[in-house]
Amino acid sequence: MNLNTFSPFVRYAARSYLRAPFKIGRRIIFDYEIIFLESGSFLLTVEDQAYVCNKGDVIFLRPGQPHCLESLDDCSISQPHIHFDLCYGPYSELSYISFKDLPYFTPEERTWIQPDLFAGTGIGPLLKISDMAAFRELLFSIISDYFCKNQLHQLELKQKMLCMLQMVIRDNLSDYEQAAPESDIAAMVKQFIDYNYKNIISLDTLEQQFHYSRYYLSRAFVDYTGRPIIKYYNEKRLVYAKEMLQEGAGVTQVANELNFNSIYSFSRFFKNAAGCSPTAYRTMCDEQNT
């Protein structure tokens, strides 16, 4: 985790009240969310593990983390919360608050899922906060600034979010300097490719997304997976292309699905990777199925 890259962008901050009974189904968010459970209780499920959240709890949800929540005992809740990107990036002002699960994302929406810089740290979803009074004051100040939008409010929000993140890291990651070894960064790159392999990805894309040099990311990825980044990416695309062709899709359809700029560039990619043209591969599959 490189703290020098932190430049928080507050996407949304508000007091929020949910009247029981309520249920937010399984979803993945693009960004981070901090929730303060001001009153009431609810059942939170994160990556298939259930947590009962009670009044006074602080919840931390991370990008790409499947979760859902529902009311308990007909209990309504007050839940001031903040949605934010940890590092301002090209999609920060494009993306919205997601209420969808990953299979329902468009290819473009999958690129909006922020790298989880806390991956591998074990932080959350329930946070420890040593100075709750200071945390509450800061939280409501951020919410007020978000809605008032005074002059230079963007800088005020960044400043206050950095203070909040300092509290969170100090109280929950005492060894934060070692919180994200190369293996965790490589795992984030792998996850990004797994979500987005239908799109065009280059080392330039990964540099912009993860705020590390291509050389650092490439070395970390090889150490973690045993394969170069682009080789892994191309393998994912080839597997998907073969599956579509086996299911009867046309060559043009597959090329479009994988966002190649032409059928010729797709055919060249496929032949180099598979040793035969996509047309020949589909013919072979058809013969095997008859």
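First, a word on scope: everything that follows refers to the structure included in this document. (Residues numbered from 1 in each chain as written. Predicted model: local features only at pLDDT ≥ 70, side-chain atom pairs only at ≥ 80, totals over all residues. Heavy atoms only, no water.)

What follows is about the side chain of glutamate 109. Of note, glutamate 109 is situated in helix H1 (residues 107-110). Non-local contacts of glutamate 109, meaning those with residues more than four positions away in its chain, are made with Phe30, Tyr96, Lys100 and Tyr104. (Helix = DSSP H or I, 4+ residues; strand = E, 2+ residues; numbered from the N terminus. Contact = heavy atoms within 4.5 Å.)

The next subject is the layout of surface pockets. The computed volume of the largest pocket comes to approximately 270 Å³. For the largest pocket, the lining is made up of 19 residues, of which Glu47, Arg62, Gln65, Asp116 and Ala119 are closest to its centre. Element by element, the count of residues in the lining of the largest pocket is highest for helix H4 (residues 182-196), at four residues. Grouping the constituent residues of the lining of the largest pocket by class yields eight nonpolar, seven polar and four charged. (1 Å grid on protein atoms, 1.4 Å probe; cavity = no way out; pocket = protein on both sides within 12 Å on 5 of 7 lines; lining within 4 Å. Points joined across faces, edges and corners; volume = space filled by probe spheres on them. Nonpolar A, V, L, I, M, F, W, Y, C, P; charged D, E, K, R; others polar.)

Their axes nearest at 10 Å, the elements helix H2 (residues 132-148) and helix H3 (residues 153-172) cross at an angle of 155°. Between H2 and H3, the angle is such that the two are roughly antiparallel. Between H2 and H3 lies a crossing of left-handed hand. Mapping the contact onto sequence places Ala134, Phe135, Leu138, Leu139, Ser141, Ile142, Asp145 and Tyr146 in H2 and His153, Glu156, Leu157, Lys160, Met161, Cys163, Met164 and Met167 in H3. When the residues that make up the contact of H2 with H3 are grouped by side-chain class, the tally is 11 nonpolar, two polar and three charged. (Axes fitted to C-alpha atoms, helices over the stretch in contact; angles between N-to-C directions. Parallel < 35°, antiparallel > 145°, perpendicular 65-115°, else oblique. Left-handed = near helix turned anticlockwise from the far one by under 90°.)

Moving on, we get to the nonpolar core. By size, the foremost hydrophobic cluster in this structure holds 64 residues, and its most contacted members are Ile82, Phe84, Leu86, Phe135, Met164, Ile193 and Phe266. In terms of residues, this core owes the most to one element, helix H7 (residues 229-246), which gives eight residues. Ignoring sequence-local partners within four residues, the contact set of isoleucine 82 consists of Val10, Tyr12, Ala13, Tyr32, Glu33, Ile34, Leu139, Ile142, Met161 and Met164. In terms of nonpolar packing, the next biggest core, distinct from the first, is built from 13 residues, Ile29, Phe42, Cys53 and Leu69 among them. (Core = buried A, V, L, I, M, F, W, Y, C linked by side-chain atoms within 4.5 Å. Buried < 20%, exposed > 50% of the residue type's maximum accessible area, 1.4 Å probe, protein only.)

Attention now goes to helix H9 (residues 263-274). Along its 12 residues, H9 runs 16 Å from first to last C-alpha, staying within 8% of the 16 Å computed at 1.5 Å per residue. Burial in H9 covers these residues: Ser265, Phe266, Phe269 and Phe270. With its buried residues spanning 130° around the axis, H9 presents them on a single face. In this structure, H9 carries Tyr264, Arg268, Lys271 and Asn272 as exposed residues pointing more than 90 degrees from its buried face. On its buried side, H9 packs onto H7, helix H8 (251-257) and helix H10 (278-289). Looking at the residues trailing H9, positive phi occurs at glycine 275, about 85°. (Expected span 1.5 Å × (residues − 1). Arc of directions from axis to C-beta.)

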